[in-house]
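Single-letter residue listing:
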Amino acid sequence: MKVLVIGAGGRVGKQLFLFLNKGGHNVTAAIRNLEKFKNDPEIPDNAQTVKFDLTWPKKDMVPLMKGFDAVYFTAGSRGGSLIQIDIYGAIKTIQAAKEAGIDRYIMLSSIFSLQPEHWHDKTLSDIQDYNVAKFVADSWLVNDSGLNYTIIQPTALIPGPGTGKVALNVNETGSNQLVDVAEVLFRSLENEHTYKKVITMHSGEQKIENALNSL
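Let me sum up the structure you'll find in this document. (Residues numbered from 1 in each chain as written. Predicted model: local features only at pLDDT ≥ 70, side-chain atom pairs only at ≥ 80, totals over all residues. Heavy atoms only, no water.)

**Considerations on the packing of aromatic side chains**
- One pass over the full model with this rule turns up four aromatic pairs.
- Aromatic side chains phenylalanine 17 and phenylalanine 37 sit 5.3 Å apart centroid to centroid with 90° between the ring planes, which places their arrangement in the edge-to-face category. Taken as a pair, phenylalanine 17 in helix α1 (residues 11-22) and phenylalanine 37 in helix α2 (residues 34-38) lie far apart in primary sequence, 20 residues in all.
- Accessibility expressed as a relative area gives 0% for phenylalanine 17, which makes it buried.
- Its relative accessible area of 5% is what places phenylalanine 37 among the buried residues.
- Aromatic pair phenylalanine 52 and tryptophan 56: ring centres 6.0 Å apart, planes at 45°, arrangement tilted.
- Assessed through its relative accessible area of 3%, phenylalanine 52 is described here as buried. (Phe/Tyr/Trp six-rings, centres within 6.5 Å; stacked < 30°, edge-to-face > 60°. Helix = DSSP H or I, 4+ residues; strand = E, 2+ residues; numbered from the N terminus. Buried < 20%, exposed > 50% of the residue type's maximum accessible area, 1.4 Å probe, protein only.)

**Thoughts on the packing of α1 against helix α6 (residues 178-188)**
- It is the contact of α1 with α6, at a shortest axis distance of 8 Å, that shows an interaxial angle of 50°. Considering the angle they form, α1 stands oblique to α6. For α1 against α6, the interelement crossing comes out right-handed. Along the contact surface, α1 presents Arg11, Val12, Gln15, Leu16, Phe19 and Leu20, while α6 presents Leu178, Val179, Val181, Ala182, Glu183, Leu185 and Phe186.
- Looking at side-chain class alone, the contact of α1 with α6 contains ten nonpolar, one polar and two charged residues. (Axes fitted to C-alpha atoms, helices over the stretch in contact; angles between N-to-C directions. Parallel < 35°, antiparallel > 145°, perpendicular 65-115°, else oblique. Left-handed = near helix turned anticlockwise from the far one by under 90°. Contact = heavy atoms within 4.5 Å. Nonpolar A, V, L, I, M, F, W, Y, C, P; charged D, E, K, R; others polar.)

**Regarding the environment of tyrosine 72**
- Following the sequence through the fold, tyrosine 72 ends up in strand β4 (residues 70-73).
- Since its relative accessible area comes to 0%, tyrosine 72 is described here as buried.
- For the pair tyrosine 72 and threonine 93, spaced 21 residues apart in sequence, the C-alpha to C-alpha distance is 9.6 Å.
- A distance of 2.7 Å separates a polar atom in the side chain of tyrosine 72 from the backbone oxygen of leucine 185. (Polar contact = N/O pair within 3.5 Å; in protein donor to acceptor, adjacent residues only side chain to side chain.)

**Some remarks on a nonpolar patch on the surface**
- The grouping of Val132, Phe135 and Val136 at the surface amounts to a nonpolar patch, some 200 Å² of accessible area in total.
- Using a relative accessible area of 38% as the deciding quantity, one classes valine 132 as partly exposed. (Patch = residues over 30% accessible without salt bridge, like charges linked within 9 Å, V, L, I, M, F, W, Y side chains within 5 Å. Areas by Shrake-Rupley, 256 points an atom, 1.4 Å probe, with all protein chains shown as cover. Salt bridge = Lys/Arg side-chain N within 4 Å of Asp/Glu carboxyl O.)

**Structural notes on the pattern of salt bridges**
- Inspection of every chain in the model, using the stated rule, returns six salt bridges.
- Residues glutamate 42 and lysine 14 are paired through a salt bridge, measuring 2.7 Å at the closest nitrogen-oxygen approach. Taken together, the residues glutamate 42 in the loop between α2 and β3 (48-51) and lysine 14 in helix α1 connect sequence positions 28 residues apart.
- The partner of glutamate 183 in a salt bridge is arginine 187, with the nearest N and O atoms 2.7 Å apart. Of the two residues, glutamate 183 and arginine 187 are both situated in helix α6; the distance of four residues between them amounts to about one turn of the helix.
- Given the relative accessible area of 13%, glutamate 183 is considered buried.
- Each of Lys14, Asp40 and Glu42 takes part in one network of salt bridges that share partners.

Dropping the structure here:
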């Protein structure tokens, strides 16, 4: 598939880009800082990139997104610009994908973003503003986009090697190996069990492919 990864310069986005590239997909990194991405020693020399800024108006995004089969949104402001990036930036890419004729849209989110009753949990109380932002963007994708979406909602991200094992549709917080989150995103792309679903996750004992097929 021809796939656009918005936010491929981030921690999860970069690992997702590498999974897609190794998996034989025609993948393009949509990022602000092209030079930094291309100079990363983990990124192949022939990596396809396009400059992409979430503060741009939607009309400037649409032409760049035409011709792709699927879009991933893995970008985030890390609290620096929740309204412009995490809310409005995300929604603009959803709208632009629709206008560009793209049906498949996969969002990296945060656990329980659509369940405010959990936001006062001990592990989430410090990121309530972020979860409000993700609530708005995720709600738009689910209720207003008309796209074939998947929303992946991991818990705290831990760097280092992946385990290849997870627990999905969890009801409690925990932690995730960052690489495992990227692999779940990657394997969700063409897996019909993930279509039109919001999937919570943390580390677990089930192989990722088996866990997705069990949804």
